[in-house]
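This is what each chain is made of:
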Amino acid sequence: MSRRAPSPRTRPWDDPAGLVGVDEARDKILAAFAPLPAVAVPIVEALGLVLAEEIVAASPVPPFPNSAMDGYAVRASDTAGASVQGPLHLRVVGEAPAGYAPTRNVEPGTAVRIMTGAPVPDGADAVVRFEETDEGDRATAPDRRAGDTVAVRRTARPGENVRPAGEDVAAGDRVLAAGTAVRPAEIGVLAALGRDWVAVHRRPRVAILATGDEIVDAGSELGPGQIRNSNSPLVAALVRRCGGDPILLGVARDTTAELRAKLAEAKQADLIVTSGGVSRGDYDVVKDVLQTAGRVDVWQVRIRPGKPLAFGRIGGVPLIGLPGNPVAAAVAFEQFARPALRKLLGHRNLGIPIVQARLLDRIDNPGGRRHFVRVRVEADAPGGYVARVAGSQGAGVLTSLLLANGLLVVPEDLAVAEPGTVLPVQMLDWQVD
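Predicted model only: the values in this text are computed from it and were never measured. (Residues numbered from 1 in each chain as written. Predicted model: local features only at pLDDT ≥ 70, side-chain atom pairs only at ≥ 80, totals over all residues. Heavy atoms only, no water.)

*Asks:* Explain the overall build of the protein chain to me, and be specific about the residues and the numbers.
*Replies:* When its secondary structure is counted, the protein chain shows seven helices and 28 strands. For 433 residues, the compact-globule formula gives about 22 Å, and the C-alpha radius of gyration of the protein chain, at 32 Å, lies well above that figure. Within the span of the protein chain, comprising 433 residues, buried residues form 47% of the whole. Considering only contacts in the protein chain between residues 6 or more positions apart, those separated by 24 or more positions represent 71%. When the accessible area of the protein chain is evaluated, it comes to approximately 20,300 Å², of which 53% is carbon and sulfur surface. Separation of charge centres in the protein chain, based on 49 positive and 50 negative side chains, amounts to 6 Å. (Helix = DSSP H or I, 4+ residues; strand = E, 2+ residues; numbered from the N terminus. Rg over C-alpha atoms; globule rule 2.2 N^0.38 Å. Buried < 20%, exposed > 50% of the residue type's maximum accessible area, 1.4 Å probe, protein only. Contact = heavy atoms within 4.5 Å. Areas by Shrake-Rupley, 256 points an atom, 1.4 Å probe, with all protein chains shown as cover. Lys, Arg positive; Asp, Glu negative; His and termini not counted. Charge placed at Lys NZ, Arg CZ, Asp CG, Glu CD.)

Laid out in structure tokens, this is it:
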């Protein structure tokens, strides 16, 4: 069968008025997704996931008043008037190491030698640091034992160097809301609250399929007219960075039977992401298979790079069909698949971090499409940002992504972005909770 390009007169999708807007396409896609069911995981495995439960403190943190310093637990009133010139002497009645309950109370005129983190004995309301006693000179002063006296060289204030019970978290506090992204800090707080397991939205399983007779996987010898499959590893890395688990299905040739067989392997996935086969070419069978095997629409989106996009369901599994050119696939993934994955994960913020940057180069934007330009963003001396175009902007120039750290967004109604124009930039390498 020959490849015959359609006549320009029969290509209404090239008219910007007939294209689907980027925001409209994204909204339609996101409406089809909801957070995945909750699973219980050990807290150390929850990093990067999203809480599916509210965390309420069952007990205070810390659970008891404890010393913030190595020193002596005292009654602050017993140290009134103490100074370097005139120290006060208190009788040492015991020791309080960390990890043990106090064995002696602090009575008037007495002190207990105490270590950092140890419970403060009853009767004490302050801790005097070793450095503020005659034990501060460790080279000449021996450790004090019960029956000895300690010279206090400074008046202590009530509560000084004492961490009260519940200083960090009070019993009954709502500490973490459902929908919170779990960072190392959240894991530390969960451990402090005594939680070793936590309910989170599980990671989405994402089946990834490249299509086309010309595509071969890395490691294979190239035949005439063939190119290597860069899309699948690229998309898999993007999926993993978003928090999903990629499932690589390989490459489907341009036949209905092979494409159906590959898609059948994705029945247990939460999302299918394909690349290629959704444009208007005669050999682009993906759209035909999708439309007969499920409920899938093929759109022409008002976006550059790329334009063709597929979305629907195959066997009940949502499918997003990306363009075949690798940069177009990457840009479309960021705009449509990334927010869908974040919604599956339970994130509340589905967007990409954005900064406003001053453009250093001229950018032409004919055709009335939203142009996502690969740029390098750097901090500007006055406190803002500047953006420089990162290499060639061809949809197949994959190395331009190496130079870029953001996508500068040129709106549909701006035909030329002149140097000095301030525009939003999606920061690809920045993390968002």
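Moving on from the model shown.
*Asks:* Describe in detail helix α1 (residues 22–30), supporting the description with residues and values.
*Replies:* Buried within α1 are the following residues: Val22, Ala25, Arg26, Ile29 and Leu30. One face of α1 carries all of its buried residues, which in axial projection span an arc of 125°. Elements that come into contact with the buried residues of α1 comprise β18 (294–300), β19 (303–304), β20 (308–314), β21 (317–322), α6 (326–345) and β24 (370–379). (Arc of directions from axis to C-beta.)

*Asks:* Account for the layout of surface pockets, with residues named and values stated.
*Replies:* As a volume, the second largest pocket reaches approximately 340 Å³. For the second largest pocket, the lining is made up of 20 residues, of which Arg241, Cys242, Arg342, Gln431 and Val432 are closest to its centre. Those elements giving two or more residues to the lining of the second largest pocket turn out to be α3 (231–242) and α6. Of the residues in the lining of the second largest pocket, the class split is nine nonpolar, four polar and seven charged. (1 Å grid on protein atoms, 1.4 Å probe; cavity = no way out; pocket = protein on both sides within 12 Å on 5 of 7 lines; lining within 4 Å. Points joined across faces, edges and corners; volume = space filled by probe spheres on them. Nonpolar A, V, L, I, M, F, W, Y, C, P; charged D, E, K, R; others polar.)

*Asks:* How would you explain the packing of α3 against α6 if you had to name every residue and give the values?
*Replies:* Orientation of α3 relative to α6, taken along the N-to-C sense of each, is 30°, at an axis distance of 10 Å. As far as their axial angle goes, α6 and α3 are roughly parallel. Seen along the crossing, α3 lies across α6 with a hand that is right-handed. On the side of α3, the interface is formed by Asn231, Leu234, Val235, Leu238, Val239, Arg241 and Cys242, while α6 contributes Pro326, Ala329, Ala330, Phe333, Glu334, Arg338, Leu341 and Leu345. (Axes fitted to C-alpha atoms, helices over the stretch in contact; angles between N-to-C directions. Parallel < 35°, antiparallel > 145°, perpendicular 65-115°, else oblique. Left-handed = near helix turned anticlockwise from the far one by under 90°.)

*Asks:* Explain the environment of Trp430 residue by residue, including any values.
*Replies:* Residue position: Trp430 is located in the segment after β28 (422–427). The class of Trp430 is partly exposed, set by a relative accessible area of 36%. A sequence separation of 230 residues divides Trp430 from Val200, and the C-alpha atoms of the two residues are 23 Å apart. Aside from chain neighbours lying at most four places away, what touches Trp430 is Pro353, Val355 and Tyr385.

*Asks:* Tell me what's going on with the side chain of Thr274, and back it up with residues and numbers.
*Replies:* Inspection of the secondary structure assignment puts Thr274 in strand β17 (residues 271–275). For Thr274, a relative accessible area of 1% gives the class buried. If near-sequence neighbours (up to four positions away) are discounted, Thr274 is found in contact with Leu209, Leu319, Ile320, Gly321 and Leu322.

*Asks:* Can you explain the nonpolar core? Please cite residues and give values.
*Replies:* Counting residues in hydrophobic clusters, the biggest one holds 38 residues, and the most contacted among them are Ile29, Ile320, Leu322, Phe333 and Phe336. Secondary-structure elements contributing two or more residues to this core are α1, β13 (205–211), α3, β17, β20, β21, α6 and β26 (406–410). With 11 residues, the top contributor of residues to this core is α6. Other than its neighbours up to four places away in sequence, Phe336 contacts Val22, Ala25, Arg26, Ile29, Val301, Ile303, Leu309 and Ile320. With 20 residues, the next largest nonpolar core counts Ala207, Leu259, Val286 and Leu290 among its residues. (Core = buried A, V, L, I, M, F, W, Y, C linked by side-chain atoms within 4.5 Å.)

*Asks:* How would you sum up the pattern of salt bridges? Please name residues and give values.
*Replies:* Inspection of the entire model under this criterion finds 23 salt bridges. Its salt-bridge partner being Arg75, residue Asp78 comes within 3.3 Å of it at the nearest N-O pair. Here Glu334 makes a salt bridge to Arg241, at a shortest N to O gap of 3.5 Å. Of this pair, Glu334 sits in helix α6 while Arg241 sits in helix α3, and the two are 93 residues apart along the sequence. One connected set of salt bridges, linked through shared partners, spans Arg129, Glu132, Arg154, Arg157 and Glu160. (Salt bridge = Lys/Arg side-chain N within 4 Å of Asp/Glu carboxyl O.)

*Asks:* How would you summarise the sheet that holds strand β7 (residues 110–114) if you had to cite specific residues and measurements?
*Replies:* The strand order across the open sheet formed by five strands is β8-β5-β7-β6-β9, and the pairing between neighbours is mixed. Edge positions in the sheet fall to β8 (126–129) and β9 (149–152), since each of these pairs with one other strand and no more. Taking the axes of each pair of neighbouring strands and ignoring which way they run, one obtains an average angle of 45° across the sheet. As defined by bridge partners, strand β5 (residues 71–74) adjoins β8 across four bridges and the pair is classed as antiparallel. Across the sheet, the residue bridging to Gly71 is Arg129, located in β8. (Pairing = 2+ DSSP bridges.)

*Asks:* Just give me the short version of the environment of Met427, but keep the residues and values in it.
*Replies:* With respect to the helices and strands, Met427 occurs in strand β28. Classification of Met427 by relative accessible area gives buried; the value is 2%. C-alpha of Met427 to C-alpha of Leu402: the two residues are 25 residues apart in sequence and 14 Å apart in space.

*Asks:* Lay out helix α4 (residues 256–264) with the relevant residues and their values.
*Replies:* Taken as a whole, α4 has its buried residues at Leu259, Lys262 and Leu263. With its buried residues spanning 95° around the axis, α4 presents them on a single face. On its buried face, α4 is in contact with β13, β16 (245–252), β17, α5 (286–293) and β21.

*Asks:* Describe the packing of aromatic side chains, and please don't skip the residues or the numbers.
*Replies:* Within the structure shown, the criterion is met by four aromatic pairs. On the basis of an interplanar angle of 75° and a centroid distance of 5.6 Å, the ring pair of Tyr72 and Phe130 is categorised as edge-to-face. Of this pair, Tyr72 sits in strand β5 while Phe130 sits in the loop between β8 and β9, placing them 58 residues apart in sequence. Each of the two residues, Tyr72 as well as Phe130, counts as buried. Seen from their ring centres, Tyr385 and Trp430 are 6.3 Å apart, and the 65° between their planes marks the pair as edge-to-face. On the criterion of sequence distance, the pair formed by Tyr385 in strand β25 (residues 385–389) and Trp430 in the segment after β28 is long-range, its members being 45 residues apart. For Tyr385, a relative accessible area of 29% corresponds to the partly exposed category. An aromatic cluster of three or more residues is present, and its members are Phe33, Trp299 and Phe311. (Phe/Tyr/Trp six-rings, centres within 6.5 Å; stacked < 30°, edge-to-face > 60°.)

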